[in-house]
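The primary structure of each chain is shown beneath.
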Amino acid sequence: MEQITEPTIPSILPEIPSVAASFEKAWKLLWSNIGILLLTWIVVSAIALAGQLIFTLLSTTPAYGEPLYWQLASFVFSVLIIGPLEAGILFVMIRISRGQNARVRDAFEGFNHYGSVILLTILFMVILFGGFLLLIVPGIFFMIRLYFAPFLLIEKRMGAIDAIKGSWELTKGRFGQMLLLIIISIPVIIGGLLALLVGLIPAAFWVSLAFTVFYCQLTPIEPEISSEFVPITVE
């Protein structure tokens, strides 16, 4: 008898992109990762709230100068600080959706791609503002087609322009599914609002995870072939 060895290949097939499956998986991920999600949200919210409170105080106190200047400073703070933090939250969501270990420090991942995140934020504002100026429908269209640009930037380490191109390509033929994700998200968020703050936070997590799971379904990670060889006996 002769022994032949061949690599073992994981029997993990890519998930078929599905809106229903995205919400179903997101629901399970929500409750199995609720601790890290809440902790990350608290840290990021505390930073954002502290900054906004400071600028609000400064803008409403005449001794500190013109309110307009502080309102402008608040906007700059949102772009330069809150923008990267929001990108970091996406990174946490992606790691959870990929089945990877997420940590609070992952919420600061956006600062490792600072220039690209800021440029993408500015481009987003310009494109979406232009789209909505052309009536609501073009704005919604651009919003959907470019939705995954921040995901590609933060996970795939793409530049801002490449991330926009990548999202445009990724959502090609998926407009209906993306729109359905948004439509289903509306009653989820409304239900969370009706349950007051206690329900709103999990509802927001659920919706965000559903979009992230859908993104992960569109961008599956190829399974690695094991370096271990399993002997096969040939008679």
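Since the structure is predicted, the reported quantities are computational estimates derived from the model, not experimental observations. (Residues numbered from 1 in each chain as written. Predicted model: local features only at pLDDT ≥ 70, side-chain atom pairs only at ≥ 80, totals over all residues. Heavy atoms only, no water.)

*Asks:* What exactly am I supposed to notice about helix α5 (residues 136–145) here?
*Replies:* Three or more residues of α5 are buried, namely Gly139, Ile144 and Arg145. Taken together, the buried residues of α5 touch α4 (114–133), α7 (160–170) and α8 (175–194). (Buried < 20%, exposed > 50% of the residue type's maximum accessible area, 1.4 Å probe, protein only. Helix = DSSP H or I, 4+ residues; strand = E, 2+ residues; numbered from the N terminus. Contact = heavy atoms within 4.5 Å.)

*Asks:* Can you walk me through the pattern of salt bridges in this structure?
*Replies:* In total, this model carries 7 salt bridges according to the counting rule given. The closest approach of N and O atoms between arginine 98 and glutamate 155, which form a salt bridge, is 2.9 Å. One end of the pair, arginine 98, is in the loop between α3 (67–97) and α4; the other, glutamate 155, is in helix α6 (residues 149–156), with 57 residues separating them in the sequence. Ionic pairing is found between glutamate 169 and lysine 172, a salt bridge with its closest N-O pair at 3.3 Å. (Salt bridge = Lys/Arg side-chain N within 4 Å of Asp/Glu carboxyl O.)

*Asks:* Just to check I follow, could you spell out the packing of aromatic side chains for this structure?
*Replies:* Counted under the stated rule, the structure contains 16 aromatic pairs. Seen in terms of ring centroids, phenylalanine 111 and tyrosine 114 are 5.9 Å apart; in terms of plane orientation they differ by 15 degrees. Their pairing is stacked. For phenylalanine 111, a relative accessible area of 30% corresponds to the partly exposed category. Accessibility expressed as a relative area gives 31% for tyrosine 114, which makes it partly exposed. Between phenylalanine 151 and tyrosine 215, the ring centres sit 5.1 Å apart and the planes meet at 40 degrees, which makes this aromatic pair tilted. Pair noted here: phenylalanine 151 is in helix α6 and tyrosine 215 is in helix α9 (residues 196–218), with a separation of 64 residues, a long-range link. A residue is classified by how much of its surface remains accessible, and phenylalanine 151, at 2% relative accessible area, is buried. (Phe/Tyr/Trp six-rings, centres within 6.5 Å; stacked < 30°, edge-to-face > 60°.)

*Asks:* Honestly, the packing of α5 against α8 in this entry has me stumped. Any pointers?
*Replies:* Two numbers describe a pair of packed helices, the interaxial angle and the distance between the axes. Where α5 meets α8, the axes come as close as 10 Å, and the angle between the chain directions of the two elements is 100 degrees. Overall, the two elements α5 and α8 adopt an arrangement that is roughly perpendicular. Packed against α5, whose contacting residues are Phe141, Met143, Ile144 and Arg145, the element α8 presents Phe175, Met178, Leu179 and Ile182 at the interface. (Axes fitted to C-alpha atoms, helices over the stretch in contact; angles between N-to-C directions. Parallel < 35°, antiparallel > 145°, perpendicular 65-115°, else oblique.)

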